[in-house]
Amino acid sequence: GEKCRFPALRFFFAQLFFNAIWSPLFFGLHLSGISFVVLLLIIVFTVLTMIQAAKLNPVLCWCLLPYLAWLCYASSLNLYIAVYN
């Protein structure tokens, strides 16, 4: 029902919010350290979304796996830039 979907949607929109602020922080303001923390928050909320989505339909969880892999790769690049710039 609706109660089952609410946590998944809440986590999804939280990661979407942090995703929207990452680009201006990283590219616009050149705040690579803060951008890295934001990416970690995106990863956390994506994993939480995946956990909640798996309760509704396991396929939903697996559909987010490539996105999670991309986030992990992007965060490693972001961390490199934060450390070495």
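The structure presented is a predicted model; accordingly, all values stated were derived computationally and were not measured.

All right, on to the nonpolar core then. Within the largest apolar cluster, 17 residues are counted, with the highest numbers of intra-cluster contacts made by Trp22, Val38, Leu39 and Ile42. At the level of elements, helix H1 (2–28), helix H2 (32–56) and helix H4 (65–84) are the ones that each hand at least two residues to this core. Once residues within four sequence positions are removed from consideration, Trp22 is found in contact with Phe27, Ser35, Val38, Leu39, Ile42 and Asn78.

Bringing the layout of surface pockets into the picture now. Of the volumes computed, that of the largest pocket is approximately 190 Å³. For the largest pocket, the full set of lining residues is Asn19, Trp22, Phe26, Leu39, Ile42, Tyr67, Trp70, Leu71, Ala74, Leu77, Asn78 and Ile81. It is H4 that provides the largest number of residues to the lining of the largest pocket, a total of seven residues. Here the lining of the largest pocket is composed, by residue class, of ten nonpolar, two polar and no charged. Roughly 160 Å³ of internal volume is contained in the second largest pocket. Only H1, H2 and helix H3 (58–63) provide two or more residues apiece to the lining of the second largest pocket. Of the residues belonging to the lining of the second largest pocket, the class tally is eight nonpolar, one polar and one charged.

As a further point, take the state of the cysteines. What the rule picks out here adds up to zero disulfides. In this model Cys63 remains outside any disulfide bridge; the closest cysteine sulfur is found in Cys61, 9.1 Å from its own. Look at Cys63 and you get exposed, because its relative accessible area is 53%. Distance from the sulfur of Cys72, which forms no disulfide, to the nearest cysteine sulfur (Cys61) is 13 Å.

Parameters and conventions
Residues numbered from 1 in each chain as written. Predicted model: local features only at pLDDT ≥ 70, side-chain atom pairs only at ≥ 80, totals over all residues. Heavy atoms only, no water. Core = buried A, V, L, I, M, F, W, Y, C linked by side-chain atoms within 4.5 Å. Buried < 20%, exposed > 50% of the residue type's maximum accessible area, 1.4 Å probe, protein only. Helix = DSSP H or I, 4+ residues; strand = E, 2+ residues; numbered from the N terminus. Contact = heavy atoms within 4.5 Å. 1 Å grid on protein atoms, 1.4 Å probe; cavity = no way out; pocket = protein on both sides within 12 Å on 5 of 7 lines; lining within 4 Å. Points joined across faces, edges and corners; volume = space filled by probe spheres on them. Nonpolar A, V, L, I, M, F, W, Y, C, P; charged D, E, K, R; others polar. Disulfide = S-S within 2.5 Å.

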